[in-house]
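Commentary on secondary and tertiary structure
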Amino acid sequence: MQAALKTAPVSAAEVLRERITARSARVGVVGLGYVGLPLALEFAKAGFPVTGIDVQEEKVTRLNWGDSYIQDVSSDLLSGMIAENRFSATTDFSVVADLDTINIAVPTPLRKTKDPDMSYVVSACQQVAEYLGPGKLVILESTTYPGTTDELVLPMLERTGLKVGKDFFLCFSPERIDPGNPKYQTHNIPKVVGGITPACTEMGRLFYSQALERVIPVSSTSVAEMVKLLENTFRMINIGLVNELAMMCDRMGINIWEVIDAAATKPFGFMPFYPGPGLGGHCIPIDPFYLSWKSKQAGIEARFIELAGYINGQMPHFVVDKVQNALNEAGKPLRGSHIHVLGVAYKRDIDDVRESPALDMMLLMQNKGATVTYSDPYVPTLRLLDRDLQATDPLVLSAKADCVLVATDHTSFDYPGILRRSRLIVDARNAYKGEASDKIVRL
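First, a word on scope: everything that follows refers to the structure included in this document. Since the structure is predicted, the reported quantities are computational estimates derived from the model, not experimental observations.

**Here's the deal with the packing of aromatic side chains**
Applying the stated criterion across every chain, the model contains 10 aromatic pairs. Taken together, a centroid distance of 6.4 Å and an interplanar angle of 70° make the contact between phenylalanine 48 and phenylalanine 207 edge-to-face. Placement of the pair is phenylalanine 48 in the loop between helix H2 (36–45) and strand E2 (50–53) and phenylalanine 207 in helix H7 (residues 198–209), with a sequence separation of 159 residues. Aromatic pair tryptophan 257 and tyrosine 274: ring centres 6.4 Å apart, planes at 10°, arrangement stacked. Of the two residues, tryptophan 257 sits in helix H9 (residues 256–263) while tyrosine 274 sits in the loop between H9 and helix H10 (287–297), which places them 17 residues apart along the sequence. Judged by relative accessible area, which is 6%, tryptophan 257 ranks as buried. Relative accessible area serves as the criterion here: at 39%, tyrosine 274 is assigned to the partly exposed category.

Put into structure tokens, the structure is as follows:
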């Protein structure tokens, strides 16, 4: 009797690859904020069953009711994915045991000493490691310093006894979210991914290519980590440069905005950056200092980063000085004046106040004895130290205030109406570009 042919065992990689290409892989996203939730919904739209994991019960409850708290994710889309059983949220990390892929998108803030706070990443990875099994793909998306995935995440996952590149796959892929951008969102922003091994990189590339338009593989996790830091350091340093030029031009009586617009007509060798009251958001004010911290460990001083950080950090003080000087020229001191702030989000047409320079300026003016109110259609309430503030009608308050400060140039503000009603305007965002009025003091 002829011996039965033996079938070679199917590897964990082959099983995972088949599930990904069939879009039956069970996708998990840890951290349902500005990065994680849009990513989760992109994979749900692509047909994958997606489970979101977050430690905040309130977020999970809202999401399971179909109520999105992220501006770039509509509640209608979220509700539709829930109705089709493509998305659900939980606080229970034990679901990791049933998932095939896990993206980690948790916060990576800086401590007051400007050292990276990796506690959220460590906690998430410890939870994932507890339920890690063969045939899983783990991708870190949290912005961090070069070497994090290899030096911090990998040892935690390999303590399970599983072998990276064979039993499980580990990558880093930097998030590139630009909240409020109507043109570039998660699905059409090119996705960089680098793995611990070539097999890891290929698995990450295959995974992202199922839901995103373009994927760029790189040779290692450290390269992928450095990509994000280069992108944001480039922006931070150039903004620092133009902010310094703005202060120079102010002393010389030159309109910096006109200078930049004229320089931007050069068709090569120049990219316009614009001054403002300071840096905001989670990325640009924070990410370059991960690189600065890491470079110090290698015995290298990141001088450009430190200098740009200092200049950008001075801008709220510079703008408040402009307000004080403008009031002095009008015969009224800042102490006792009513300053109405237009916009408290860190940038135009979004609801994110993280690291917003508007908050710094409000505190500075409040500490100097001014009464401060604000308007922002995206931020109805705001806690400023121990005070709870509510957004007010900009047309009403601009008429009552001694000075209006344009801190964030939301497109919905009625700038002509505010100008007509106001006594004095300090414009830190060039919202009144081309407007000739003695009421306007420009950055």
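**Some thoughts on the pairing of strand E13 (residues 403–406)**
Alternating residues of E13 divide into Cys403 and Leu405 and Val404 and Val406, and every residue in both groups is buried. Strand direction decides the pairing type here: E13 and strand E14 (residues 425–427), joined by 3 bridges, are parallel. Residue pairing in the sheet places leucine 405 in a bridge with valine 426 of E14. Read as a crossover between parallel neighbours, the route from E13 over helix H14 (residues 415–421) to E14 is right-handed.

**Regarding the sheet that holds strand E4 (residues 101–104)**
What the 8 strands build is an open sheet, ordered E3-E2-E1-E4-E5-E6-E7-E8; its pairing is mixed. Of all the strands in the sheet, the pair left with one neighbour each is strand E3 (87–90) and strand E8 (215–218). Averaged over all adjacent pairs, the angle separating strand axes in this sheet is 25°, with direction ignored. One ladder, built from 4 bridges, connects E2 with E3; its direction is parallel. Each residue of the ladder has a partner; that of isoleucine 53, found in E3, is threonine 90. Its contacts with the sheet place helix H5 (residues 119–130) against strand E1 (27–30), E4 and strand E5 (136–140), and it is angled at close to 170° to E4. Contacts between helix H6 (residues 148–158) and the sheet are confined to E5 and strand E6 (168–172), with E6 contributing the most and set at about 155° to the helix.

**Things to note about the nonpolar core**
Ranked by internal contacts, the top residues of the largest apolar core, which has 120 residues, are Phe87, Ile104, Met362 and Leu405. Here this core gets 9 residues from one element, more than from any other, and that element is helix H11 (residues 303–329). In contact with isoleucine 104, other than residues within four places in its own chain, are Val30, Ala124, Cys125, Val128, Val138, Ile139, Leu140, Glu141 and Ser142. Leu342, Val404, Val406 and Tyr432 belong to the second largest nonpolar core, which has 10 residues in total.

**Let's talk about the sheet that holds strand E10 (residues 371–375)**
The strand order across the open sheet formed by 5 strands is E10-E9-E13-E14-E15, and the pairing between neighbours is parallel. The open sheet has two edge strands, E10 and strand E15 (440–442), and neither has a second partner. Averaged over all pairs of adjacent strands, the angle between their axes in this sheet comes to 25°, without regard to strand direction. Sheet topology places E14 next to E15; 3 bridges connect them, and they run parallel. Counted as the bridge partner of aspartate 427 is arginine 442 from E15. Across the sheet, H11 lies against strand E9 (338–342), E13, E14 and E15, angled at about 155° from E13, the strand it touches most. In the packing of helix H12 (residues 357–367) onto the sheet, contacts are made with E9, E10 and E13, and the angle to E10 comes to roughly 155°.

**Description of a nonpolar patch on the surface**
On the surface, a cluster of nonpolar side chains totalling about 530 Å² of accessible area is made up of Leu241, Leu245, Met248, Met252, Ile254 and Val259. Residue placement: methionine 248 occurs in helix H8 (residues 221–252). Owing to a relative accessible area of 38%, methionine 248 belongs among the partly exposed residues under this scheme.

**Details of the packing of H5 against H6**
In the contact formed by H5 and H6, the axes pass within 9 Å of each other and the chain directions differ by 25°. Taken together, the axes of H5 and H6 are roughly parallel relative to one another. Our pair here, H5 against H6, has a crossing hand that is right-handed. Contacts between H5 and H6 pair Val121, Val122, Cys125, Gln126, Val128 and Ala129 from the former with Leu152, Val153, Met156 and Leu157 from the latter. Class assignment for the residues of the contact of H5 with H6 results in 9 nonpolar, 1 polar and no charged.

**Some thoughts on H9**
Every buried residue of H9 is accounted for by Ile256, Trp257 and Ile260. Buried positions in H9, seen along its axis, are confined to an arc of 100° and lie on one side of it. Along its buried surface, H9 packs onto H8.

What counts, and where the lines are drawn
Residues numbered from 1 in each chain as written. Predicted model: local features only at pLDDT ≥ 70, side-chain atom pairs only at ≥ 80, totals over all residues. Heavy atoms only, no water. Phe/Tyr/Trp six-rings, centres within 6.5 Å; stacked < 30°, edge-to-face > 60°. Helix = DSSP H or I, 4+ residues; strand = E, 2+ residues; numbered from the N terminus. Buried < 20%, exposed > 50% of the residue type's maximum accessible area, 1.4 Å probe, protein only. Pairing = 2+ DSSP bridges. Right-handed = clockwise from strand over helix to strand, strands pointing away. Axes fitted to C-alpha atoms, helices over the stretch in contact; angles between N-to-C directions. Contact = heavy atoms within 4.5 Å. Core = buried A, V, L, I, M, F, W, Y, C linked by side-chain atoms within 4.5 Å. Patch = residues over 30% accessible without salt bridge, like charges linked within 9 Å, V, L, I, M, F, W, Y side chains within 5 Å. Areas by Shrake-Rupley, 256 points an atom, 1.4 Å probe, with all protein chains shown as cover. Salt bridge = Lys/Arg side-chain N within 4 Å of Asp/Glu carboxyl O. Parallel < 35°, antiparallel > 145°, perpendicular 65-115°, else oblique. Left-handed = near helix turned anticlockwise from the far one by under 90°. Nonpolar A, V, L, I, M, F, W, Y, C, P; charged D, E, K, R; others polar. Arc of directions from axis to C-beta.

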